Amino acid sequence: MKYHEIIVVGAGLAGLRAAVETATEFDTAIITQVPPVRSHSGAAQGGVNAPMGNNPAGKDDSVEKHTYDTVKGSDFLADQDAAALMISEAAPCIYELEHWGCPFSRTPEGKIAQRPFGGAGYPRTCYAADKTGLYMLHTLWERSVALNVKTYEERFVTDLVVEDGKAVGVIALNMVTGEFEPYMAESIIFGTGGPGQVYGRSTNALISTGSGAYVAYRRGVPLKDMEFIQFHPTSLFGTNILMTEGARGEGGYLVNNKGERFMSKYAPTAMELGPRDIVSRSIQTEINEGRGFEGGYVHLDLRHLGREKILDRLPGIRDISINFAGVDPIDAPIPIQPGQHYAMGGISTDMNGATNIKGFYAAGECACVSVHGANRLGGNSLLDTVVFGKLSGKHVKGFMKGKTERKKGEAAIMKALEEQERAREELLSKNGTENHAAIRDEMKETMILKVGIFREEKLMQEALAKIIELKERYKNIRVMNKGRKYNLDYLRAYELWGMLELAHVIALGAIERKESRGSHSRRDFPKRDDEKYMKHTIATYTPSGPKISYSDVVITKYQPVERKY
Amino acid sequence: MAIATKSVKLKIQKYDPEIDAEPYWREYTIQAKPGMTMLEALFEVLNKVDGSLSFRFCCRGAVCGACAMMINGKIRLACETQVSAMLEKREPILVSPLPHKKVVKDLVVDMDPFFQQMVSIKPFLVAKEPYPEKEIIQSEKERAKLTEPIDCILCGSCSSACTIAWWDPNYLGPATLEKVYRFVVDSRDSIRDERLDMVDTEDGVWRCHTIFNCVDVCPKKINQTDAIQYLKRQLVKKKLGFS
C-alpha cells in the first residue's frame, strides 16, 4: 500500500497550493485525475482579486472595502469573518505567486496590472492577459516540480476511508491499468473542483463532475449551500465556453436585438459590471421577453475597444470566438448567453479548510467555507483557491505536529478497497436497457431548465421527481465495455451516480429555500427573507436521499441591506 | 425544435498493445449536429456505438492540452476541430493517436517521457532571494517577451511532430526547449547561465535542424524553432564572451 504523510486529491490551483505548502515539511503526494496542467483552473480567464491599488483608479482600495464588496456580492450569506480573512491574505498570496514566476500583466510602473470587475468598487482584479488561471496553474505546477512533489496521475479517487472519525486513506482507480489502489495518509486534502457538469450549458471542463464532493458527502461530510449555482453572464452561444468578465471589465457592452445596452434598465450605475447573478438574470430576461437573437442569445460587443486593446488584453477571447463561433470580435459582436459556471456551495469546512472528520480538509470550488455566500464575485474564486489551499496546508502542518499515532487504518483501507472492487464488478455486470449517457443528458437538461437562473416551486418539484426517476433508471443501465484498461464507458457510468446524488442535493436545497438570495432567484418568492433564511443550508447523506438542516451565518460588522448596483 | 443532423463516417485507429497484435482501423457512423467538434464526435462514438473507445479530454475549450491527436493527417486538438471542416477534406474522417508516441490504448498515448523531459530542465522561475515584500518589478516591455512562450499548454503536439525527436528520444524537443526559453527571457530569473548550459548539449538546442514541424502543428501558434535559434545565438554570444 502506498503511504504518504499528506495526500492531496486534485491538482488544480487549490490542490497544488495546498501541496506546495505542506511539501516543504512533510512527505506530500498528489493524486489527480488529469496531469496538473490539464486541471479546470486553467480555464479561468479574467483574474484574481486583491486590494493592491496598483491601478490609479484603485488607490483608495482597502481590505475593508474588498471585504464589504464580497459580503454584499454574496447577498449577505458569506461568513464575514471568513471573507475578511481571505481578503487580508489576498495580496501576500498573489505576490508569492508572482515571486514563483506567475507572468502577470504589468502597469507602466512594472507592477501587477489590475482591471475592473463586476460588483467591485475599485479595479482590483490582477490579471495576466485573459489567461490568468492558466498561468497561475502552470506557475503552481512548476513550483510543485521545484519542490519534488510526487504526483499520481490519471487516478480517479472513489473513496475516502474514515476510521473512528479520522481520515486514514483514499481508494483510487488507476485509469490506465484499471486497478484500484489503496493509499494511506495521516491527513487528506481535497481540492477536487466543482460539479458544473451536473448542469447543461456549463462553462466547466468535462471532468468537473463534483466527484470529490460526492465521495466526501457519501462518507458523512456535510455539503453546504449547494443550491447556490452561479450562472456566468457571458458564455459563448453554442459551446458555452467562458467569455471572461474581463471583456466587460475592459469596456465591452451587452447589447440586445434592438441594439440597446439593456443593462441601463437593471443596474444603471454599474451597467455591464454588476455582479454576475444580476447580469445573468438581466440577459435571460431580455431573451425571455423577445429581445434576444434566435436560439436564445444576446451580443457581447467589443468592437469599440479597438484592435490593439483586444489583441493585448483579450487575445484568448478572440481566439475562442474565431475557433468556436467563427466570429472575430474585432469586426463583429460575440453571441453569448448565461451558462452554469460555479458552485458557491461544497464540502462544509471551517476557515482552516477542516471538516467534521479529523485530518480531512477541503479547499477551492469543492469546498464551502463560506466566502461566496449566495453569489461569488468574479475574481474571487482564484483568490479562494490560493488562499484556502495555503491555509488548509498550513493547518495540516499544525495538525501533523500534534499527531502522535501514525500509519493507522490499514484494515479499514483494505476493506474499502474490496468494496470498491466489488462495486465495480457489479456496475460492469450491468446489462440493462438504459444508456447512462442518455441519463446524464436528461439530468443536465433538467437542471439547467428547472433549477436554473429563474426558479419556482412547480418546476423544481418536477426536477426533483425527474432526478429520483433517473436514480431509479440508473439501476437498469448497461455498461458496454467490460474491460479494465482506460474504460471510459465504466468511468462515465460510475461518476454519473455521484452527479445524480449532487443534483438531488441541489434541487432539494433549492426547493426548501423559499426566498430569493443571490444566484437563487425564485419567481414565487422574489424577496430575500433574512428572518427565515439568513442561514447556510446543510445537506447530510442518507441512503434515502439528502437530509436538509441549517446553520448560522457569521455576521461581524455588516448588517444586511438591499443590494443596489 | 429538432436539430438537423447528418450522417458522418469516422475511421478511428484502435489498439490495445496487451491484446492486439497491431493497430487497426475501425469505421463508425455517427449523427453529427451542426457545429459539432471532433471531441464531441468521439463522445458520440463512445456513448452510442463503441464503449471500448479510449481517448483523453478535459476542458473542451483548447486550453488544457489533453486531446491532441492526429485528425485527417494533421495533429490537432480534437476539441477545437469542427467536424464540418474535416468533412470538407475527406470522409471518412481519419482519427489516430499522436504519432511516434507509445500507445497506451486507442487514442491515449504515453506522455510520461514528455513530462519527464519537461521536469528535467528546472521548469520554474528562480528569482533572487530574499524576495521583495511586494511584486518583483518587471516592465511592460520585459513582460511582452513572455507573451508567446507562456501560451504553451504542454499538449505534446510539437514533440510528436518533430522528426528529430522521432529518432533521438533523448532530444529535449521543442516544448521543453520552449520552456527553457520562457525562463531565459524572463527578467526576474537569476540562473540564465545555468539554463543556457543545460541546453548546450548534443541532445539540447544543437539537435534542432530547423525543420519547423513544431511550428506547423502548434495549436497556440508558438514559434518554437525561433525560440531554439534564440537559445543557440545566446550560447554563441556567451562562448564568444559577448554576454
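Residues numbered from 1 in each chain as written. Chains lettered and ligands numbered in written order. Predicted model: local features only at pLDDT ≥ 70, side-chain atom pairs only at ≥ 80, totals over all residues.

J.: Kindly report on the sheet that holds strand β5 (residues 125–126) of chain A, identifying the contributing residues and their values.
T.: Residues and elements named next belong to chain A. One open sheet accounts for three strands, arranged β3-β5-β4; its pairing is antiparallel. Single-partner strands in this sheet number two, and they are β3 (48–49) and β4 (114–115). As paired elements, β3 and β5 share two bridges and run antiparallel to each other. Residue pairing in the sheet places V48 in a bridge with C126 of β5. (Pairing = 2+ DSSP bridges. Helix = DSSP H or I, 4+ residues; strand = E, 2+ residues; numbered from the N terminus.)

J.: Now, about helix α15 (residues 457–474) of chain A: what can you tell me, with residues and values included?
T.: Residues and elements named next belong to chain A. Taking 1.5 Å of rise per residue, the 18 residues of α15 would be expected to cover 26 Å, and the 25 Å separating its terminal C-alpha atoms lies within 8% of that figure. Burial in α15 covers these residues: M460, A463, L464, I467 and L470. Seen end-on, α15 carries its buried residues on one side only, within an arc spanning 125°. In α15, the exposed positions angled more than 90 degrees off the buried face are occupied by K458, A465 and E472. At its buried positions, α15 is contacted by α14 (436–450), β19 (454–455) and α16 (488–512). (Expected span 1.5 Å × (residues − 1). Buried ≥ 20, exposed ≤ 12 C-beta atoms within 10 Å, placed from the backbone. Arc of directions from axis to C-beta. Contact = placed C-beta atoms within 7 Å.)

J.: Account for the interface of chain A and chain B, naming residues and giving values.
T.: The interface of chain A with chain B comprises 44 residues on the first partner and 39 residues on the second. For the side of chain A that touches chain B, the secondary-structure elements that each account for two or more residues are α4 (90–99), α5 (132–146), α11 (315–325) and α16 of chain A. Ranked by residue count, the leading element in the side of chain A that touches chain B is α5 of chain A, at six residues.

J.: Break down the packing of helix α7 (residues 173–184) of chain B against helix α10 (residues 224–239) of chain B for me, citing the residues and quoting the values.
T.: Residue and element names in this part refer to chain B. In contact at an axis separation of 9 Å, α7 and α10 are set at 55° when each is read in the N-to-C sense. What the angle tells us is that α7 and α10 run oblique. Pair α7 / α10 crosses with left-handed handedness. On the side of α7, the interface is formed by P174, L177, E178, V180, Y181 and V184, while α10 contributes Q224, A227, I228, Y230, L231 and Q234. Partitioning the contact of α7 with α10 into residue classes produces nine nonpolar, two polar and one charged. (Axes fitted to C-alpha atoms, helices over the stretch in contact; angles between N-to-C directions. Parallel < 35°, antiparallel > 145°, perpendicular 65-115°, else oblique. Left-handed = near helix turned anticlockwise from the far one by under 90°. Nonpolar A, V, L, I, M, F, W, Y, C, P; charged D, E, K, R; others polar.)

J.: Residue-level account of the sheet that holds strand β12 (residues 253–255) of chain A, with values.
T.: Strand pairing in a sheet takes place through backbone hydrogen bonds and is either antiparallel or parallel in direction. All names here are of chain A. Spatial ordering of the open sheet is given by β11-β14-β13-β12, a layout of four strands whose pairing is antiparallel. Each edge of the open sheet carries a strand with a single partner, namely β11 (229–236) and β12. Each adjacent strand pair in this sheet contributes to an overall mean axis angle of 45°, direction not counted. Pairing between β11 and strand β14 (residues 334–343): six bridges, direction antiparallel. Across the sheet, L236 pairs through a bridge with I336, a residue of β14.

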